[in-house]
Amino acid sequence: MTHYAKITIDTQREGMVNITSRITEAIMESGVTEGLCVIHCPHTTAGLTINENADPDVTKDMLYALNEISPDRARFRHMEGNSAAHVKASLMGAGITLIVHRGRPVLGIWQGIYFCEFDGPRARTVHVQVAGE
Amino acid sequence: MTHYAKITIDTQREGMVNITSRITEAIMESGVTEGLCVIHCPHTTAGLTINENADPDVTKDMLYALNEISPDRARFRHMEGNSAAHVKASLMGAGITLIVHRGRPVLGIWQGIYFCEFDGPRARTVHVQVAGE
Amino acid sequence: MTHYAKITIDTQREGMVNITSRITEAIMESGVTEGLCVIHCPHTTAGLTINENADPDVTKDMLYALNEISPDRARFRHMEGNSAAHVKASLMGAGITLIVHRGRPVLGIWQGIYFCEFDGPRARTVHVQVAGE
């Protein structure tokens, strides 16, 4: 049994958008109780990650650290000028696969699923596939 | 066919714990011969990665490099003081998906699956879902 | 329904090799129309990532940035001397899971799937498992 869904997100220049509840919704709509859920970001200057959902300073610190780890660099050649964002996208990754167990995504109590915008504002999309029994 | 399992790990302050044999066990218990295995870390200051299992200096060098890449930073605001660990968790990632083929996880001869502790010591858990035929 | 395939790649000293068409081929061979595709790199000094497929300067900038983020470090102890490549492999990751929808991998129009060589030239392999209906 599979269930495919799309989520749309309007982003700011940069930011981490908590999409956990929308993923949980897609899983509940699917009717899958045991299986998995693949989340895919189809953009190359944005990514997906799982991190703390409690203190909003954590995601702020993460964006700050990622700008230190992947700053704009004088020797970048890509004419669009957003290579730093492309690097951050690959550091976070374009996909997340969650376990679905007893009809719910398996997540730690402090975990949230974040869409990471590194080159907005843009209208973004995330694809979701739930598969299992 | 799906099979869900939990693994518990006691960690030190930081370290990379080889959990390959425990993942292989969960796969063999599942009875799945063709399919996949999703491994999920429910913590936000720890992650999962695959890297060399032969020379223990590789994982030591990795922890050292991750501390250089994501050091504690004066401008971090998260009051708990462990933002560097949160960043490292996202750089490694919270999940791994393995191919299961002929009843075994597909891994290179030098590959091990590592639980990466960045903010221990703690009692940690890893979730495993095996799905397939 | 599952379908297992292997892809072989001859690499240069470092580089990002676009393997998208070969992954799409494996998915089409599988006959799966709804499901997912797990791609696994069995090497520990190479990885997999998804990024821009249009301007070749993006992958050049990524390799350059990864060398800045994970340079060779004087304090590395691994005798083989390629710890920087091991770190880059874990930063990119050993695996990618794609959504398969309507018989095709779900990818953004600008996305390509890249095999990232950090310690070549070598003869490399990538494993693919397609699962679904």
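This section reports on the structure supplied with the text. (Residues numbered from 1 in each chain as written. Chains lettered and ligands numbered in written order. Predicted model: local features only at pLDDT ≥ 70, side-chain atom pairs only at ≥ 80, totals over all residues. Heavy atoms only, no water.)

**Here we look at the relation of the copies chain B and chain A**
Mapping chain B onto chain A calls for a rotation angle of 120° and an axial translation of 0.0 Å; the resulting RMSD is 0.0 Å. When the rotation and shift are considered jointly, the pair of chain copies conforms to a three-fold rotation axis. Taking C-alpha positions as the reference, the residue of chain B nearest the rotation axis is leucine 91 of chain B, at 3.5 Å. In this assembly the copies use different faces: only 13% of the residues contributing to the interface of chain B also contribute to that of chain A. (Least-squares fit on C-alpha atoms with pLDDT ≥ 70 in both. Contact = heavy atoms within 4.5 Å.)

**Some points on the sheet that holds strand E8 (residues 123-132) of chain B**
Residue and element names in this part refer to chain B. On the basis of which strands lie adjacent, the open sheet formed by 5 strands has the order E1-E8-E3-E5-E6 and antiparallel pairing. At either margin of the open sheet sits one strand with a lone partner, and together these are strand E1 (2-10) and strand E6 (104-105). Here E1 pairs with E8 via 9 bridges, running antiparallel. In the strand pairing of E8, alanine 5 is matched with valine 128. Taken strand by strand, helix H1 (residues 20-30) contacts E1, strand E3 (34-40), strand E5 (95-101), E6 and E8, and its axis lies near 155° from that of E1. (Pairing = 2+ DSSP bridges. Helix = DSSP H or I, 4+ residues; strand = E, 2+ residues; numbered from the N terminus. Axes fitted to C-alpha atoms, helices over the stretch in contact; angles between N-to-C directions.)

**Quick notes on the interface of chain C and chain B**
Contact residues are listed per partner, giving 29 residues for chain C and 31 residues for chain B. Where chain C abuts chain B, roughly 2500 Å² becomes buried across the two surfaces, and 61% of that area is made up of carbon and sulfur atoms. Scanning the region where chain C abuts chain B turns up 1 salt bridge. Between glutamate 68 of chain B and arginine 73 of chain C there is a salt bridge, and its shortest N-O distance comes to 4.0 Å. Our enumeration of links across chain C and chain B arrives at 17 residue pairs in polar contact (both at pLDDT 80 or more). A per-element tally of the side of chain C that touches chain B places helix H3 (residues 83-92) of chain C first, with 5 residues. Classifying every residue of the side of chain C that touches chain B gives 14 nonpolar, 11 polar and 4 charged. (Buried area = accessible area lost by both parts, 1.4 Å probe. Salt bridge = Lys/Arg side-chain N within 4 Å of Asp/Glu carboxyl O. Polar contact = N/O pair within 3.5 Å; in protein donor to acceptor, adjacent residues only side chain to side chain. Nonpolar A, V, L, I, M, F, W, Y, C, P; charged D, E, K, R; others polar.)

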